[in-house]
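Breakdown of the fold
If you want the building blocks of each chain, they are given just below.
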Number of protein chains: 2
Amino acid sequence: MPWTYETDGAAIYRQSFATIRAEADLGRFDADEEQVVVRMIHAAGMVGLENFVKMTPGFVTAARTALENGAPILCDARMVSEGVTRFRLPADNPVICTLHDPEVPDMAKAMSNTRSAAALELWRPHLDGALVAIGNAPTALFHLLNMLEDPDCPRPAAIIGCPVGFVGAMESKDALWQVQPVPSCIVEGRLGGSAITVAAINAIASRKE
Amino acid sequence: MPWTYETDGAAIYRQSFATIRAEADLGRFDADEEQVVVRMIHAAGMVGLENFVKMTPGFVTAARTALENGAPILCDARMVSEGVTRFRLPADNPVICTLHDPEVPDMAKAMSNTRSAAALELWRPHLDGALVAIGNAPTALFHLLNMLEDPDCPRPAAIIGCPVGFVGAMESKDALWQVQPVPSCIVEGRLGGSAITVAAINAIASRKE
């Protein structure tokens with residue numbers, strides 16, 4: 001006997017978001033933030049994630065305005081750049097991931113750092129006013145913070161800082177939160193990753209649920 | 001003052017896996033399973049995930065043998081196919097995601113189902129002996145189970161069933177676990193997603209940590 005299940009994508013989204021809003025503790029977020037956090041919870045399949053999400057005031061507006069003005073989205077991993085839903089982007093924004101550029105392995109060796117960190121050096125021509133999305137590598141977020149210590153380094157419009165894991169993830173996000181070089185969003189602690197990061201981008205890109 | 005942090009990728013992996021093995025409850029897994037589960041925990045940034053992971057006996061061997069024999073990896077989403085670390089693959093295995101094939105939207109309409117489910121119809125020529133990895137869409141996993149109800153449908157070698165979310169994810173994974181058409185791995189409940197799925201593939205592909 002065939003399995004029966006909900007096959008209407010729009011209905012699936014509606015029910016999912018209704019369940020999240022019924023279960024999650026979203027009171028401390030404003031309307032714009034709430035929509036982003038709901039989508040992050042959705043991607044993680046985890047009510048409770050909201051307790052780890054922190055956004056600086058004006059983060060969603062800064063990130064959304066940047067996208068509306070055509071800003072590129074700079075991603076640390078292909079799983080992030082591939083997840084961005086292109087038709088949600090307000091200005092056919094470029095989605096850039098430099099991790100697999102052929103010069104990156106040699107740059108990493110020269111810098112004694114990971115390829116994920118080295119790849120950010122190739123962001124410099126795109127960084128001014130960009131939306132940065134780091135959903136994988138703590139070393140990328142740390143390296144970005146060090147790049148931004150140079151006052152001549154171009155400033156992104158906003159940073160989604162959601163690297164995941166057990167070494168450096170918590171520390172790099174704490175560092176971003178401490179410095180707040182531009183409006184930022186983090187997921188505190190070990191949780192994070194490409195799916196949650198992509199969800200934040202997709203929610204910022206369009207209010208449509 | 002620049003931030004200092006661990007910049008040696010190999011050391012980051014070593015420390016991460018050591019932390020996971022110190023904290024997680026891995027006693028019920030055999031050595032091959034343990035290595036897969038550790039990587040899944042790593043990708044999720046979440047000790048405790050192990051309590052939701054279920055593998056049928058022989059799952060890792062079936063999936064690994066298939067890859068060693070050149071089997072393709074069939075993925076329901078680009079975030080899954082993009083995450084597979086190519087140099088870990090034992091036989092330069094094809095990694096296939098049909099979701100964005102141009103005929104899929106019309107097929108979905110004709111089937112009154114999601115694009116994620118419809119895309120699986122294009123798997124049929126590759127399905128025999130393949131490693132299936134569903135890390136996003138519950139509708140894809142349900143549709144696969146319905147395809148496999150036809151005894152003439154080719155059988156994959158193994159299924160990683162890790163769709164995520166609030167509508168159908170738990171139910172589709174329970175259904176897979178109930179039927180067990182081939183050796184399978186699931187993450188019970190709402191948790192799952194592309195990162196966890198990719199981690200399982202990458203661990204199966206190579207024992208190298």
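Scope of this entry: the structure provided in the associated data block. Predicted, not measured: the structure shown is a model, and the values here were computed from it. (Residues numbered from 1 in each chain as written. Chains lettered and ligands numbered in written order. Predicted model: local features only at pLDDT ≥ 70, side-chain atom pairs only at ≥ 80, totals over all residues. Heavy atoms only, no water.)

**Some points on the interface of chain A and chain B**
How big an interface is tends to be reported as the loss of accessible area on association of its parts. Contacts between the two partners involve 45 residues from chain A, matched on the other side by 45 residues from chain B. When chain A packs against chain B, the two sides together hide about 3,700 Å² of surface, and 63% of this comes from carbon and sulfur. Taken together, the links from chain A to chain B amount to four salt bridges. Across the pair B:Arg190 and A:Glu23 runs a salt bridge, and its minimum N-O distance is 2.8 Å. Across the chain A-chain B interface, the total number found is 10 residue pairs in polar contact (both at pLDDT 80 or more). Going through the elements one at a time, helix H1 (9-23), helix H2 (31-44), helix H4 (78-83), helix H7 (138-148), helix H8 (169-179) and helix H9 (194-205) of chain A are the ones with two or more residues in the side of chain A that touches chain B. (Contact = heavy atoms within 4.5 Å. Buried area = accessible area lost by both parts, 1.4 Å probe. Salt bridge = Lys/Arg side-chain N within 4 Å of Asp/Glu carboxyl O. Polar contact = N/O pair within 3.5 Å; in protein donor to acceptor, adjacent residues only side chain to side chain. Helix = DSSP H or I, 4+ residues; strand = E, 2+ residues; numbered from the N terminus.)

**Remarks on the environment of A:Val187**
Residue and element names in this part refer to chain A. Here Val187 is to be found in strand S6 (residues 184-187). It is 14 Å that separates the C-alpha atoms of Val187 and Ile201, two residues lying 14 residues apart in sequence. In this structure Val187 touches Met40, Leu49, Phe52, Val53, Gly161, Cys162, Lys173, Gly192 and Ile196, once residues within four positions along its chain are discounted.

**Looking at the side chain of A:Arg64**
Residues and elements named next belong to chain A. Along the chain, Arg64 turns up in helix H3 (residues 59-68). Reaching out from Arg64, the side chain makes a polar contact with the side chain of Asp32 at a distance of 3.4 Å. Other than its neighbours up to four places away in sequence, Arg64 contacts Asp32, Gln35, Ala203, Ile204, Ser206 and Arg207.

**Details of the pattern of salt bridges**
Pairs may arise between side chains of opposite charge once their charged atoms sit close together. Under the criterion given, the structure shown has 18 salt bridges over all chains. Here A:Arg207 and A:Asp32 are joined by a salt bridge, their closest N and O atoms 3.5 Å apart. Here A:Arg207, found in the segment after H9, pairs with A:Asp32, found in helix H2; they are 175 residues apart in sequence, far enough to count as distant. Among the residues examined, A:Arg207 registers a relative accessible area of 49% and is labelled partly exposed. The residue B:Glu82 makes a salt bridge to B:Arg78 at a minimum N-O spacing of 3.4 Å. Within this pair, B:Glu82 and its partner B:Arg78 are both found in helix H4 (residues 78-83), separated by four residues, close to a single helical turn. For B:Arg78, a relative accessible area of 28% translates into the label partly exposed. Through salt bridges with shared partners, one network takes in A:Arg78, A:Glu82, B:Arg78 and B:Glu82. (Buried < 20%, exposed > 50% of the residue type's maximum accessible area, 1.4 Å probe, protein only.)

**Here's the deal with the sheet that holds strand S3 (residues 95-97) of chain A**
Within a sheet, each strand pairs with its neighbour through backbone hydrogen bonds, oriented either parallel or antiparallel. Residue and element names in this part refer to chain A. Strand order in the open sheet made by the six strands is S1-S6-S5-S4-S2-S3, with mixed pairing throughout. Both outer strands of the open sheet, strand S1 (53-55) and S3, are each paired with one neighbouring strand and no more. Looking at each pair of strands side by side, their axes are set apart by 15° on average, direction ignored. Pairing analysis gives three bridges linking strand S2 (residues 73-75) to strand S4 (residues 131-134), with the strands arranged parallel. Its bridge partner being in S4, Leu74 is matched across the sheet by Val132. The sheet strands contacting H2 are S1 and S6, and the helix crosses S1 at an angle near 150°. Sheet strands in contact with H3 are S1, S2, S4, strand S5 (158-161) and S6, and its direction is about 115° off that of S5. (Pairing = 2+ DSSP bridges. Axes fitted to C-alpha atoms, helices over the stretch in contact; angles between N-to-C directions.)

**What to know about the relation of the copies chain A and chain B**
Between the two copies of this chain, the relationship is a rotation about some axis together with a displacement along it. Mapping chain A onto chain B calls for a rotation angle of 180° and an axial translation of 0.0 Å; the resulting RMSD is 0.0 Å. The relationship between the two copies is best expressed as a two-fold rotation axis. For chain A, the smallest separation between a C-alpha atom and the rotation axis is recorded for A:Met79, amounting to 2.4 Å. When the interface residues of chain A are mapped onto chain B, 100% of them again fall at the interface, so both copies present the same face. (Least-squares fit on C-alpha atoms with pLDDT ≥ 70 in both.)

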